[in-house]
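Listed below are the residues making up each chain.
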Amino acid sequence: MKITDVVVYEVKPRWIFVKVCTDEGIEGWGEMISGTKTETVVAGAKEMGAYLMGRNPFEIERLWQEMYKSFFRGGPINGTIVSGFEMALWDIKGKYYGIPIYEFLGGKARDRIKVYSWIGGDRPDDVAKAALERKKMGFDAVKMNATEELHYIDTFDKVQAVVDRVASIREVLGNDFGIAVDFHGRVHKPMAKVLAHELEPYKLMFFEEVVLPENEESFQSIANQVSTPLATGERLITRWEYKRLFQQGAVDIIQPDVALCGGILETKKIVSMAEAYDMAAAPHAPYGPIALAATLQVDVCSPNVFIQEQSLGIHYNKGFDLLDFIKNKEVFQYKDGYVDIPKKPGLGLEIDEDMVKEVSAEGLHWTNPKWRNYDGTMAEW
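Residues numbered from 1 in each chain as written. Predicted model: local features only at pLDDT ≥ 70, side-chain atom pairs only at ≥ 80, totals over all residues. Heavy atoms only, no water.

Student: Just to check I follow, could you spell out the overall build of the protein chain for this structure?
Tutor: If you tally the helices and strands in the protein chain, you get 11 helices and 15 strands. The C-alpha radius of gyration computed for the protein chain amounts to 20 Å, which stays within 12% of the reference 21 Å derived for 381 residues, consistent with globular compactness. Taken along its principal axes, the extent of the C-alpha atoms in the protein chain is 60 × 45 × 45 Å. The buried share of the protein chain, taken over its 381 residues, is 59%. Taking as baseline every contact in the protein chain between residues at least 6 positions apart, the subset at least 24 positions apart corresponds to 70%. Here the protein chain displays about 15400 Å² of accessible surface, and carbon together with sulfur accounts for 49% of that area. For the protein chain, the distance from the average site of its 44 positive side-chain charges to the average site of its 57 negative ones is 2 Å. (Helix = DSSP H or I, 4+ residues; strand = E, 2+ residues; numbered from the N terminus. Rg over C-alpha atoms; globule rule 2.2 N^0.38 Å. Buried < 20%, exposed > 50% of the residue type's maximum accessible area, 1.4 Å probe, protein only. Contact = heavy atoms within 4.5 Å. Areas by Shrake-Rupley, 256 points an atom, 1.4 Å probe, with all protein chains shown as cover. Lys, Arg positive; Asp, Glu negative; His and termini not counted. Charge placed at Lys NZ, Arg CZ, Asp CG, Glu CD.)

Structure below.
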C-alpha cells in the first residue's frame, strides 16, 4: 500500500482536518490545531504531505521519526502537523486490519472511559447553575477557568471572586462532585501561590497549569503549599519535553494533547512514562471530533488515565460542534459521566466529508483573545 494524496481542510470553528489517501482506496483522517497560525499549519501540512507521497502508511514509527527529526525540530507548528498525519496513518492501519487502534497498543485496560464537561466560559460566570445542569445531564465532574486577567501582583478581590465561584458549586452539589480549576497559565507565580492556597479547602480534583510551562520550576514551590493535585502538559511536545516534569516530581497529572504532542503512539509513550513515575493522566482534548477519537484510543489502553476532557458544548465551539462533522454520532454519547469504548476499526469515525468540504469552503480565521491588564500591559489569555 502506498500514500497517493493528502487533502487539508480548514474547518470552523478552529480545526484543521487532514485526509491521507492510499492506492488501495483506504483513507485515514487526522486533526491539526489551528491555534493562531492556521495558514502556517496548512502550508506546513501540504509541504510535509508531499514528503509522504509514495510511502508505506503502515510504517508509522519510521515515518514519525522522519517527520519529527529535522535539524530544527519541535515547536507547536511542526508538532501538530506530525500529530495530525500520525493519527491518519493509524486510522488507515486500523481500517485495513478491521480493528480499533488501541488493539495495536496492547488492547483494553478498562471497560469505560470517565469524562468531564467544561463550564463557565473564558470569563467564568454562573458556574453553579452550569454545574447543576451538567449533573442533570449525567456528569459528575466539571472543569472551569479560574480567573480573568491577573497581573503579577493583583488585588485580592479577584482571588475572592474565584473562591466564591468554586464555593457556589460546592454549596449546590456537595463534596462528591468533581471540580477541576484551570489557571490556564494566566496566573504568575506570586498570585498562583495565593490562589492555590485560598482554593485548597474546597477539595478540588486538580489545579491545571498553575503557571506557564516555561516557568516549570515554580511547580515545586506551589506543590509544597497544597495537597490538591497539580496538572499540566497540554502545551508540551513529545516525550523529551516531558522528561523534566517526570524528573522534578511536583506535578501529579500529565495532560498530553494527541493533536500536538506527536500523535497517538507518542501520547501512549508519554502516558506510559508517567505511569512509571506513579503519575495520573487526564489528556487534553478541547478540539474537534478526530482529535477526541484519537485520544480515546489511548485512554482505552492506558490504566493511569483517570478522566478525559471532551469538548462537546465547550465555549470555543461557536457555530459548529463535534457531532456536526461525523455520521456515527453515537460514538460521543455520554451516559452517567462515561463514554463507551470505541469498537469500530481505526479511529472509529465516519466523517461527513460533504459537510467538511462545505464548511471548509468558508475559510477559517481564529485567534485567541488579546487581553490587557489594568495598566495596559499584556495579560496571558
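Student: What is the right way to read the side chain of H188 from this model?
Tutor: Topologically, H188 is positioned in the loop between β6 (178-182) and α6 (189-199). On the accessibility criterion, H188 (14% relative accessible area) is buried. Setting aside residues no more than four positions away along its own chain, H188 makes contact with L150, H151, Y152, V211 and E380.

Student: Just checking my understanding: could you explain the environment of M191 for this structure?
Tutor: In this structure, M191 sits in helix α6. M191 sits in the buried class, given a relative accessible area of 5%. In the structure, M191 is positioned 21 residues away from L212 in sequence and 13 Å away in space, judged by C-alpha atoms. In this view, M191 contacts L150, H151, Y152, I153, D154, T155 and V159; residues no more than four positions away in its chain are not counted.

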